[in-house]
Amino acid sequence: MTEQRVANIGSLALEKGGVIEDCNVGYRVVGKLSANRSNVLVAPTWFGGTSQGMIELGVLQSGMYADPDHYHVVAIDALGNGVSSSPSQNPDNTMPEITIRDMVNSQYKLLTGVLGFDHVNSLLGISMGGMQVYEWITAYPDFADNAVVVIATPKPSAADIYLWNYWRELAMALCELPNGERLANRMMAQAEGLAVFTPAFINASCADGDPAVLREQAFSDHAPLNTYNEISQLQAMLSHDISRNDDGNLAQAASRIRARLLTVTSRQDLTLSPDRPAQFARDTQTQHVQLEGPMGHFAVFDEQQLPIALHAIHDFLRMGRL
């Protein structure tokens, strides 16, 4: 298991006007770097996720999404995840507002200024990690040859905004209560679980209609997420839009893309509407794979759908290495 590393990239000016002084970015590396340094794959973390979580879910294992047998994988902890600079690291649990672009800018400074990479072979992101990949290929269009976006969107739909804003406002309101952070962790875990999985999956997973496993996870005293960090990342997701500097014109934003692009969506995804990324793939005439199955947003880890996703991604990236 590769060790956690944290690099100080100095002062990071933020898109909304703030500054993170002494900004820290966490990362892990796995897989051998080729002699010509042409096999680097960058994998940013998902919402609330860490590079450690990517290891625990097998994302960085041989044969999986970011395959260290073929790539020198740099898994980067996104701002606000508790490892990189985050609200939870400050006494008052606050930090200037961040955006997806700020996450990407911090990663750019890490990769170029600390690790010495001015170009990489591939970018691969799942969920909010995929939003970062969309931002990467439009903000730094010549930095990567290939990009894989898994269950993410170039711009949230109305339904996405409705859901994520509900999560954000619920978390903020609960944190205002006495000892509210623990309650917020419990309630957020339940609220997110209702959208991450489909009703069919929940019903099939819970005997006699009693969601004991899900409830136990939601009410755990060892909640994996910090609510203040979640609020920070949710705000970043809500403002995410690769066309924000193009008057909302996604086609104009897409015209800057130079990387080969593969998009993977889940048809029954209730956390992130699959229609917009699917349409974006059609409009840009780039490769697209649609997953099925009742696991919804987690279809990428479904035992039936996982081989489909991996086959498409590995074939796509293999062609990008030729």
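Residues numbered from 1 in each chain as written. Predicted model: local features only at pLDDT ≥ 70, side-chain atom pairs only at ≥ 80, totals over all residues. Heavy atoms only, no water.

Turning our attention to the packing of aromatic side chains. Evaluated as defined, the whole model comprises twelve aromatic pairs. Arranged with centres 6.2 Å apart and planes meeting at 50 degrees, the rings of Tyr-108 and Trp-136 form a pair that is tilted. Note that Tyr-108 is positioned in helix α2 (residues 100-114) and Trp-136 in helix α3 (residues 128-139), a separation of 28 residues in sequence. Both rings, one in Phe-197 and one in Phe-201, keep their centres 4.7 Å apart while their planes meet at 25 degrees; by these two values the pair is stacked. Of the residues examined, Phe-197 reaches a relative accessible area of 12% and is grouped as buried. Sitting over the ring of Phe-316, Arg-260 keeps its end group 4.0 Å from the ring centre. (Phe/Tyr/Trp six-rings, centres within 6.5 Å; stacked < 30°, edge-to-face > 60°. Helix = DSSP H or I, 4+ residues; strand = E, 2+ residues; numbered from the N terminus. Buried < 20%, exposed > 50% of the residue type's maximum accessible area, 1.4 Å probe, protein only. Lys NZ or Arg CZ within 6 Å of the ring centre and 35° of its normal.)

Right, let's talk about the confidence of the model for the protein chain for a bit. If pLDDT is low for a region, its predicted coordinates should not be looked at in detail. Confidence in the prediction of the protein chain, expressed as mean pLDDT, is 92, and 93% of residues score 70 or more. Segment residues 218-223: pLDDT under 50, and nine contacts once partners within four positions in sequence are set aside and those in other chains are kept. (pLDDT = per-residue confidence, 0-100. Contact = heavy atoms within 4.5 Å.)

Following the criterion strictly, the structure yields eight salt bridges and no others. Arg-5 is the salt-bridge partner of Glu-3, the closest N and O atoms lying 3.2 Å from each other. The class for Glu-3 is partly exposed, based on a relative accessible area of 45%. What makes Arg-5 partly exposed here is its relative accessible area of 31%. Arg-267 is the salt-bridge partner of Glu-292, the closest N and O atoms lying 2.5 Å from each other. Of the two residues, Glu-292 sits in the loop between β8 (287-291) and α11 (306-321) while Arg-267 sits in the loop between β7 (260-266) and α10 (275-284), which places them 25 residues apart along the sequence. The class of Glu-292 is partly exposed, set by a relative accessible area of 29%. Of the residues examined, Arg-267 reaches a relative accessible area of 45% and is grouped as partly exposed. (Salt bridge = Lys/Arg side-chain N within 4 Å of Asp/Glu carboxyl O.)

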